[in-house]
Amino acid sequence: EDQVTQSPEALRLQEGESSSLNCSYTVSGLRGLFWYRQDPGKGPEFLFTLYSAGEEKEKERLKATLTKKESFLHITAPKPEDSATYLCAVSSYNFNKFYFGSGTKLNVKP
Amino acid sequence: EPEVTQTPSHQVTQMGQEVILRCVPISNHLYFYWYRQILGQKVEFLVSFYNNEISEKSEIFDDQFSVERPDGSNFTLKIRSTKLEDSAMYFCASSGGGVGTEAFFGQGTRLTVV
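About the thresholds
Residues numbered from 1 in each chain as written. Chains lettered and ligands numbered in written order. Predicted model: local features only at pLDDT ≥ 70, side-chain atom pairs only at ≥ 80, totals over all residues. Heavy atoms only, no water. Disulfide = S-S within 2.5 Å. Helix = DSSP H or I, 4+ residues; strand = E, 2+ residues; numbered from the N terminus. Buried < 20%, exposed > 50% of the residue type's maximum accessible area, 1.4 Å probe, protein only. Contact = heavy atoms within 4.5 Å. Buried area = accessible area lost by both parts, 1.4 Å probe. Salt bridge = Lys/Arg side-chain N within 4 Å of Asp/Glu carboxyl O. Polar contact = N/O pair within 3.5 Å; in protein donor to acceptor, adjacent residues only side chain to side chain. Pairing = 2+ DSSP bridges. Axes fitted to C-alpha atoms, helices over the stretch in contact; angles between N-to-C directions.

Peer 1: Summarise the state of the cysteines; cite the residues concerned and give the values.
Peer 2: Residue and element names in this part refer to chain B. Applying the stated rule across the entire model yields two disulfides over all chains. Covalent S-S linkage joins Cys 23 and Cys 92, the inter-sulfur distance amounting to 2.0 Å. Sign of the S-S torsion, about -65° for the bond between Cys 23 and Cys 92, identifies this disulfide as left-handed. Taken together, the residues span a long stretch of sequence, with Cys 23 in strand E3 (residues 19-24) and Cys 92 in strand E9 (residues 88-95) at a distance of 69 residues. Exposure remark for Cys 92: the relative accessible area of 0% places this residue in the buried category.

As structure tokens, then:
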């Protein structure tokens, strides 16, 4: 069964304290792995797409990496404005839909 | 920057009533989706739409649900007879890069069924 598991469920960091979020996936025929940011009451905001193992993408304080079984979202020197829920999703060549994980709720304290 | 727009932002309806949620996808995108998120839960797939027909639908998307692209810009989700358990945030998304490529989401419609 295709599925996505994210850990931890919640993460509290001090401003400037770097950390990583994990996304483990099981999907047949992986097409892409996606990271989104979701603020309360808002829609998911696209961050990154990763298509193959070994690929890395960066944007400001965020860096996403991909292996054959999991992806990491590394947050370097986070700021309070990085506080949000980070969602991981995967797509397959077999189906026209995304499978989402439950998300990691990040809280960065000043 | 192009974006997906959804209206209304909040809809309150009585159980058994019909609702239509509206979306304007990004203009050159060809793949359209509806997802929903019950408070505190995962984002769940409802339906995908391409070339004027449904390409995938979930078990949630039963006969009470329908989608339509009535013109060249709008994409709608209709719920014929709402139930209390339909209360959720409904997100429209569109993709321009082909099956399984990144999708861009609207800000959602919060549907409350009373």
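Peer 1: Lay out the environment of Leu106(A) in plain terms, naming residues and giving numbers.
Peer 2: Residue and element names in this part refer to chain A. Residue position: Leu 106 is located in strand E11 (residues 104-109). Residue class for Leu 106 comes out buried when judged on its relative accessible area of 2%. Considering only alpha carbons, one finds Leu 106 and Ala 84, 22 residues apart in sequence, at a separation of 5.4 Å. In contact with Leu 106, other than residues within four places in its own chain, are Leu 11, Leu 13, Ile 75, Asp 82, Ser 83, Ala 84 and Tyr 86.

Peer 1: So, the interface of chain B and chain A: which residues are in play, and what are the values?
Peer 2: Many authors give the size of an interface as the accessible area that is lost as the parts come together. Taken residue by residue, the interface counts 22 residues in chain B and 23 residues in chain A. Of the roughly 1900 Å² buried at the junction of chain B and chain A (both faces included), carbon and sulfur atoms supply 54%. It is Lys42(B), Glu102(B) and Phe105(B) in chain B that bury the most area against chain A; as a group they hold 25% of the surface buried on that side. Put simply, chain B and chain A have zero salt bridges between them. At the boundary of chain B and chain A, one finds 10 residue pairs in polar contact (both at pLDDT 80 or more). Secondary-structure elements contributing two or more residues to the side of chain B that touches chain A are strand E4 (31-37), strand E5 (43-50), strand E6 (53-57), E9 and strand E10 (104-105) of chain B. Looking at which element gives the most residues to the side of chain B that touches chain A, the answer is E4(B), with four residues.

Peer 1: Run through the sheet that holds strand E1 (residues 5-7) of chain B, naming residues and quoting values.
Peer 2: All names here are of chain B. Strand order in the open sheet made by the four strands is E1-E3-E8-E7, with antiparallel pairing throughout. Pairing within the sheet leaves two strands with one partner each, and these edge strands are E1 and strand E7 (65-68). The average angle at which neighbouring strand axes cross in this sheet is 20°, direction not considered. The pairing of E3 with strand E8 (residues 75-79) spans five bridges and is antiparallel. Looking at E8, one finds that Leu 21 is bridged to Leu 77.

Peer 1: Could you give me a rundown of the sheet that holds strand E3 (residues 19-26) of chain A, with the residues and numbers involved?
Peer 2: Residues and elements named next belong to chain A. Here five strands make up an open sheet; going across it, the order is E1-E3-E8-E7-E6 and the pairing antiparallel. Two strands bound the open sheet, and with one partner strand each, they are strand E1 (3-7) and strand E6 (56-59). Looking at each pair of strands side by side, their axes are set apart by 15° on average, direction ignored. Here E3 pairs with strand E8 (residues 70-75) via six bridges, running antiparallel. Across the sheet, the residue bridging to Ser 19 is Ile 75, located in E8.

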